[in-house]
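Listed below are the residues making up each chain.
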Amino acid sequence: MKAAAFSVFGGPEVMRLMEVPDPHAGPGQVRVRVKAAGVQHYDCAIRGGWTPSYGVKVELPQIPGNEFAGIIDEIGDGVTGFELGSEVLGFALLNCYAEYVVVGADQIVEKPAGMTWEEAGGLTGNGQGAYMALEAIGVGPGDTVLINGAAGSLGSIAVQLAKAWGAETVIGTGSERNHDFIRSLGAIPVTYEEGLAERLRKLAPEGIDCTFDTAGGEGLDAAVALVPDKMRVCTFFAYDRIEELGLRIVRGDRSAARLAKLVELHAEGKLHLHIRQTFTLEQAGDAHRAIESRHGRGKIVLRVD
Ligand SMILES: NC(=O)c1ccc[n+]([C@@H]2O[C@H](COP(=O)([O-])OP(=O)(O)OC[C@H]3O[C@@H](n4cnc5c(N)ncnc54)[C@H](OP(=O)(O)O)[C@@H]3O)[C@@H](O)[C@H]2O)c1
C-alpha cells in the first residue's frame, strides 16, 4: 500500500510517499480502507524525534497519524457489530497516513451519512481531546468559559462543546482575521495580545469560571489570574508550566463511547468540524508545514483516495 512516512527524524521535508506492506486484520480487529486522516501537532512531534512516554513505539520508517475515517474491507475473528463496507471513523496510535489501517473494533464507530470524510477523518483526536479537557474543568450550565486559541483545531471544537453543554458565555481568543469564525461557533472573540486580562475583565465583569488553553501566552496567564479555582484551568499547550502555575495534568485514553457522543452532537447539528485545508498523502510534508505555522481556522486533513 501507499503511505506517507519518514525514515529519518527531521523537519517536514523528511515526509515521503512510500510503498509499504499491506497490514491485515487479526482477531478482534478490522482493516479500514482510509479515505481521510487528520493531521495533528503530535504527528509533527513524532516526526521530529519526540517519543511519547506512554504506549507508543516509533520504528523507522514510521507512518504518523492518530485518526482516520474510511471503509472496512477486512474483518478479523470475533468482531461483531461491523460489516465489510461499513463506513467508520476511529482512532489509533500512529499509522493512519496510509491507504489501509488496522485497529481494534473498539476503536471505531459508524460514520453517519451526513458527515463528510474530511470531518470524520479529523474528528477523533481533537474531538476527544477537547471533550476530556472540558470534562476535567467541569464546563456546565451557567458557566463563563474562556477558550484560548478558539479558532484552532482543538479550540473550535471546544467552543462548540462548551455551548452544547450549557455554558452561558464562551469567550474565545484569536487573531482579528478569525473573529467572524469564532463568532460563528458561538463565542465572543477577543484578540490575544498584551492587555488580554483587562479586556476579559470588561467582557466578563462577573468573572471567568473556567478555561481551556490550547495556545499558551497571554491567554494562559490571564486565565490563571482570573479563574478563581485553578482546578478549572486546563492547558494542552504549556505542559512545562503546569507545576509552576499550580495546575494539574489532564490526560485520558480515547474511547469509542466518547467518540460516539461527539458523532451524536454532530448529528444534532451542535458540532461541526471546519476544514482548514486538505492535502494528499504525497503532500503530507506540506500539511505538516501548514499546521506547524500554529495559525489558522479549524482542521487540516489528508485525503487518501
Ligand atoms: N488531542 C489533541 O488535540 C491535543 C492533545 C494534547 C495537546 N495538544 C496540543 O494543543 C495545541 C493546539 O493544538 P491545535 O491542533 O488546536 O492547534 P492549531 O490547529 O494549530 O491551532 C492553533 C490556534 O492557536 C491560535 N494561536 C496562535 N498563537 C496564539 C496565542 N499566542 N494566543 C492564543 N491563540 C493563539 C491560532 O489562532 P490565530 O490563527 O487566530 O492566530 C490557531 O487558531 C498544540 O500545541 C497541540 O500539540 C493537542
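Residues numbered from 1 in each chain as written. Predicted model: local features only at pLDDT ≥ 70, side-chain atom pairs only at ≥ 80, totals over all residues. Heavy atoms only, no water.

Engineer: What's the story with the sheet that holds strand β11 (residues 210-213) in this structure? I'm lost.
Structural biologist: The pairing of strands in a sheet comes from backbone hydrogen bonds and takes either a parallel or an antiparallel form. The strand order β10-β9-β8-β11-β12 describes an open sheet built from five strands, whose pairing is parallel. Among the strands making up the open sheet, the edge pair consists of β10 (188-190) and β12 (233-235). For this sheet, the mean angle separating the axes of adjacent strands, direction not counted, is 15°. The sheet contact formed by β11 and β12 spans three bridges and is parallel. Residue pairing for β12: Phe212 is matched across the bridge by Cys234. (Pairing = 2+ DSSP bridges. Helix = DSSP H or I, 4+ residues; strand = E, 2+ residues; numbered from the N terminus. Axes fitted to C-alpha atoms, helices over the stretch in contact; angles between N-to-C directions.)

Engineer: Is there a simple way to explain the domain arrangement of the chain in this structure?
Structural biologist: Note: interface size is frequently given as the accessible area lost on complex formation between the parts. Each assigned domain of the chain is listed with its residue range as follows: domain 1 (2-111 + 274-303) and domain 2 (127-245). Centre-to-centre, using C-alpha coordinates, domain 1 lies 29 Å away from domain 2. In this assembly, nine residues from domain 1 lie in contact with 10 residues from domain 2. Surface buried jointly by domain 1 and domain 2 totals about 730 Å² across both partners, of which 48% is contributed by carbon and sulfur atoms. Its largest share of buried area at the contact with domain 2, domain 1 owes to His295, Arg297 and Gly298, together 51% of the area lost on that side. For the pair domain 1 and domain 2, the number of links is zero salt bridges. Joining domain 1 to domain 2, the criterion identifies four residue pairs in polar contact (both at pLDDT 80 or more). (Domains from an automatic or database assignment. Contact = heavy atoms within 4.5 Å. Buried area = accessible area lost by both parts, 1.4 Å probe. Salt bridge = Lys/Arg side-chain N within 4 Å of Asp/Glu carboxyl O. Polar contact = N/O pair within 3.5 Å; in protein donor to acceptor, adjacent residues only side chain to side chain.)

Engineer: Looking at this structure, I do not really get the pattern of salt bridges. What am I missing?
Structural biologist: Once the charged atoms of two side chains with opposite charge are near each other, the side chains can pair. By the definition in use, this model includes 17 salt bridges. Among the salt bridges present, the one from Arg31 reaches Asp73, with a minimum N-O distance of 2.9 Å. Taken together, the residues span a long stretch of sequence, with Arg31 in strand β3 (residues 29-38) and Asp73 in strand β4 (residues 67-75) at a distance of 42 residues. The exposure class assigned to Arg31 is buried, which follows from its relative accessible area of 7%. Judged by relative accessible area, which is 29%, Asp73 ranks as partly exposed. Its salt-bridge partner being Lys299, residue Glu67 comes within 2.6 Å of it at the nearest N-O pair. One end of the pair, Glu67, is in strand β4; the other, Lys299, is in strand β14 (residues 299-303), and 232 residues separate them in sequence. (Buried < 20%, exposed > 50% of the residue type's maximum accessible area, 1.4 Å probe, protein only.)

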